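# Descriptive analysis of the structure
Take a look at the letters that make up each chain.
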Amino acid sequence: MEWNFQSAEELLAAMRAGDVSSVDLTDEAIARIEREDGVINAICVPDFDRARAAARRADQVRARGGDGPLLGVPVTVKECYDVAGLPTTWGMPEHRDHVPAEDAVQVSRLKAAGAVVLGKTNVPLGLQDVQSFNEIHGTTTNPWDHGRTAGGSSGGSAAALASGFGALSIGSDLAGSLRTPAHFCGVYAHKPTLGLLATRGMVAPSEPVLPVEFDLAVVGPMARTARDLALLFDVMAGPDPLTSGKACSVTLPPARHDRLGDFRVLVLDDHPVIPTGSAVRAAVSRVAEALAGSGARVERHSPLLPDLTEAATLYTQLLFSGSVARFPVDSYEQLRIHAAGLSPDDRSLDATRLRAMVFSHRDWMEANHRRELHRHAWRRLFGEFDAVVCPITPTPAFPHDHDPDPLARVLDVDGVEHPYFDQLVWAGVATTPGLPATAVPAGRSPEGLPVGVQIVGPAFEDRTPLRLAELLEQEIGGFRPPGLEVRRKQK
């Protein structure tokens, strides 16, 4: 039997029934990676010897009557997580020899749950792109079309899942880095509520490994099914044992509903900053029709929705002010000179990005205050709705674009060019207020590319979008492996 595209849930059931061993699953996954990954380039740091040893231990534990949430399941880990004995570079050549001595807290949780780590997956330079390529490990391609990106910054993880390289993966998300690759590759991902999952050990190699609470960034699970996504989320959930974990544990409220027809959903497909491409708009409509057809209350507009233009501006300010906070002084001075030369009437996102790069602390405090007002507005909205369904990016996966100046790149939306980074505004809908958001496959474009949507839920009610994702999977289908004809065409 072909096991590589089975869900983690199915693999666990088969191992518990004695139909297959972890060693068998691990050997089959490794064989597939060695056979297929030359063109995909998802697994940038293989760890096959230790994976086989971990699989043998998992089988021994099971033989003694033991079990675990992920016992014996082959998984992958995004390159930015520390794994003891493996390089963590974030794609930065100056850190190619950085090898941490301890596992990140989430890697420790995977191993404690019994997972078998096959290796690490590729990322963009510094995790700062919607594509995954770097000088050390090269370019990750989309399993559906090798001429297109798999997304970023968790592109290697999404491509690995879509290619059958392990049943689960873990990634991170600041600007859609879980959701966008899932959307581009046709898999599932969950951006949790800000602060819900411990991030220690998911740190740039130039930084000390501390239990830092990020302003926008989160870590999260990726999978090929919605149920697997919830399974991995439960393994990852909880505070850092070095800090709030000393006094707190996580008990999340259940999903608001168990039936699709009971949900109240606000559906959005228009953003004032950038148009939504026809393929993505069709996917949103497909989900809306499935919801309405099942009896759910579906609305297309609400006066409770925070202003999306202001939200995009606010997200851009918080994102880019944080991203350059540690730039060298000479670089900062050049940015300050450029920002001072902007016209006061220029309110474009490009201008907002540049001004944000030289924010003062007072500027940031003002932006943070406006964020709190938006958070309060979202709390009021979720008094009337259970979830918001909207795009993740305006388009399916786009062709590789490695222009060394990202600000010079453009995004083609149905034949019209737009600034490259404007596509991030949909990710910011959930990121700015720190809300949970689940990426769900929602069909294919006319070219056969995967198209997904995101389900945004109330803060600390992560089980609501996760449950809605599971119900939608039952209603409209979910992941399917890339067709052989597509892959042959690109070889």
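Summary of the structure given here. Source: prediction; values computed, not measured.

This part covers the packing of aromatic side chains. The final tally for this structure, using the stated rule, is six aromatic pairs. On the basis of an interplanar angle of 25° and a centroid distance of 5.7 Å, the ring pair of W378 and F382 is categorised as stacked. Here the residue W378 and the residue F382 both occupy positions in helix α12 (residues 361-384), the gap between them amounting to four residues, near one helical turn. In this structure F382 comes out as buried when scored by relative accessible area, which is 5%.

This part is about empty space enclosed by the protein. Gaps left between atoms show up when a probe the size of a water molecule is rolled over them. What the rule picks out here adds up to three cavities of 30 Å³ or more. Size it by volume and the largest cavity reaches roughly 60 Å³. With three residues, helix α2 (residues 22-40) is the single largest residue contributor to the lining of the largest cavity. Taken together, the residues of the lining of the largest cavity break down into six nonpolar, two polar and two charged.

Each pair of packed helices gets described by two things: the angle between the helix axes and the distance between those axes. Following both chains from N to C, one finds α2 and helix α3 (residues 48-63) inclined at 160°, their axes separated by 8 Å at the closest point. Judged by the angle between their axes, α2 and α3 are roughly antiparallel. Both α2 and α3 take part in a crossing whose hand is right-handed. Contact residues: α2 offers S22, V23, T26, D27, I30, I33 and E34, while α3 offers F48, A51, R52, A55, R56, A58 and D59. A breakdown of the residues in the contact of α2 with α3 according to their chemical character gives seven nonpolar, two polar and five charged.

Attention now goes to the pattern of salt bridges. Using the criterion set out here, one finds 29 salt bridges in the structure. R227 is the salt-bridge partner of E9, the closest N and O atoms lying 2.7 Å from each other. Of the two residues, E9 sits in helix α1 (residues 8-16) while R227 sits in helix α7 (residues 226-236), which places them 218 residues apart along the sequence. A relative accessible area of 42% means that R227 is categorised as partly exposed. With its nearest N and O atoms 3.1 Å apart, the salt bridge here joins E470 to R227. In this pair, E470 sits in helix α14 (residues 463-476) while R227 sits in helix α7, placing the two residues 243 residues apart along the sequence. We classify E470 as buried; its relative accessible area is 12%.

The next thing to look at is the sheet that holds strand β13 (residues 387-390). On the basis of which strands lie adjacent, the open sheet formed by eleven strands has the order β1-β3-β2-β8-β10-β9-β16-β17-β13-β11-β12 and mixed pairing. In the strand order of this sheet, the two ends are held by β1 (43-46) and β12 (297-299), each with one partner. Between one strand and the next, the sheet's axes are offset by a mean angle of 30°, whatever the strand orientation. Sheet strands touched by α2: β1, β2 (74-78) and β3 (116-121). Its angle to β3, the strand with the most contacts, is close to 20°.

What follows covers the packing of helix α4 (residues 105-112) against α7. At a closest axis distance of 9 Å, the pairing of α4 and α7 adopts a crossing angle of 115°. By the angle class used here, α4 and α7 are roughly perpendicular. The crossing of α4 and α7 is right-handed. From α4, Q106, R109 and L110 reach across to α7, where they touch L232, V235 and M236. Split into classes, the residues belonging to the contact of α4 with α7 amount to four nonpolar, one polar and one charged.

Before going further, it helps to examine the layout of surface pockets. Quantified by volume, the second largest pocket comes out at close to 370 Å³. Sorting the residues of the lining of the second largest pocket by element identifies α8 (278-293) and β14 (410-413) as the ones contributing at least two each. Broken down by element, the lining of the second largest pocket gets its largest block of residues, three residues, from β14. Residue composition of the lining of the second largest pocket, grouped by class: ten nonpolar, five polar and five charged.

Turning next to α3. The first and last C-alpha atoms of α3 sit 22 Å apart over 16 residues, in line with the 22 Å expected at 1.5 Å per residue. All of the buried residues along α3 are F48, A51, A54, A55, A58 and R62. Within α3, the buried residues cover an arc of 115° as seen down the axis, which keeps them to one side. Opposite the buried face of α3, at more than 90 degrees from it, the exposed residues are D49 and A63. Buried-residue contacts for α3 involve α1, α2, β1 and β3. Of the residues flanking the end of α3, it is G65, one or two places downstream, whose phi is positive at about 95°.

A few words on the environment of G126. Its place among the elements puts G126 in the loop between β3 and β4 (133-134). The spacing of G126 and R96 is 30 residues in sequence and 12 Å in space, taken between C-alpha atoms. Not counting the four nearest positions on each side in its chain, G126 is found in contact with W90 and M92.

This brings us to the pairing of strand β8 (residues 168-173). With six of six residues buried, β8 is to be regarded as a mostly interior element. Burial along β8 is two-sided: L168, I170 and S172 facing one way and S169, G171 and D173 facing the other are all buried. Two strands pair when backbone bridges link them, and β2 and β8 are joined in this way by three bridges, in the parallel orientation. Directly across from V75, in β8, lies its bridge partner L168. Of the strand pairs in this sheet, β8 and strand β10 (residues 218-223) are connected by six bridges, and their pairing is antiparallel. Opposite L168, over in β10, you have A223 as the bridge partner.

Turning our eyes to something else, we now look at the side chain of N4. Tracing the backbone shows N4 in the segment before α1. Setting aside its immediate chain neighbours within four residues, N4 contacts E28, A29, R32, G164 and R224.

Parameters and conventions
Residues numbered from 1 in each chain as written. Predicted model: local features only at pLDDT ≥ 70, side-chain atom pairs only at ≥ 80, totals over all residues. Heavy atoms only, no water. Phe/Tyr/Trp six-rings, centres within 6.5 Å; stacked < 30°, edge-to-face > 60°. Helix = DSSP H or I, 4+ residues; strand = E, 2+ residues; numbered from the N terminus. Buried < 20%, exposed > 50% of the residue type's maximum accessible area, 1.4 Å probe, protein only. 1 Å grid on protein atoms, 1.4 Å probe; cavity = no way out; pocket = protein on both sides within 12 Å on 5 of 7 lines; lining within 4 Å. Points joined across faces, edges and corners; volume = space filled by probe spheres on them. Nonpolar A, V, L, I, M, F, W, Y, C, P; charged D, E, K, R; others polar. Axes fitted to C-alpha atoms, helices over the stretch in contact; angles between N-to-C directions. Parallel < 35°, antiparallel > 145°, perpendicular 65-115°, else oblique. Left-handed = near helix turned anticlockwise from the far one by under 90°. Contact = heavy atoms within 4.5 Å. Salt bridge = Lys/Arg side-chain N within 4 Å of Asp/Glu carboxyl O. Pairing = 2+ DSSP bridges. Expected span 1.5 Å × (residues − 1). Arc of directions from axis to C-beta.

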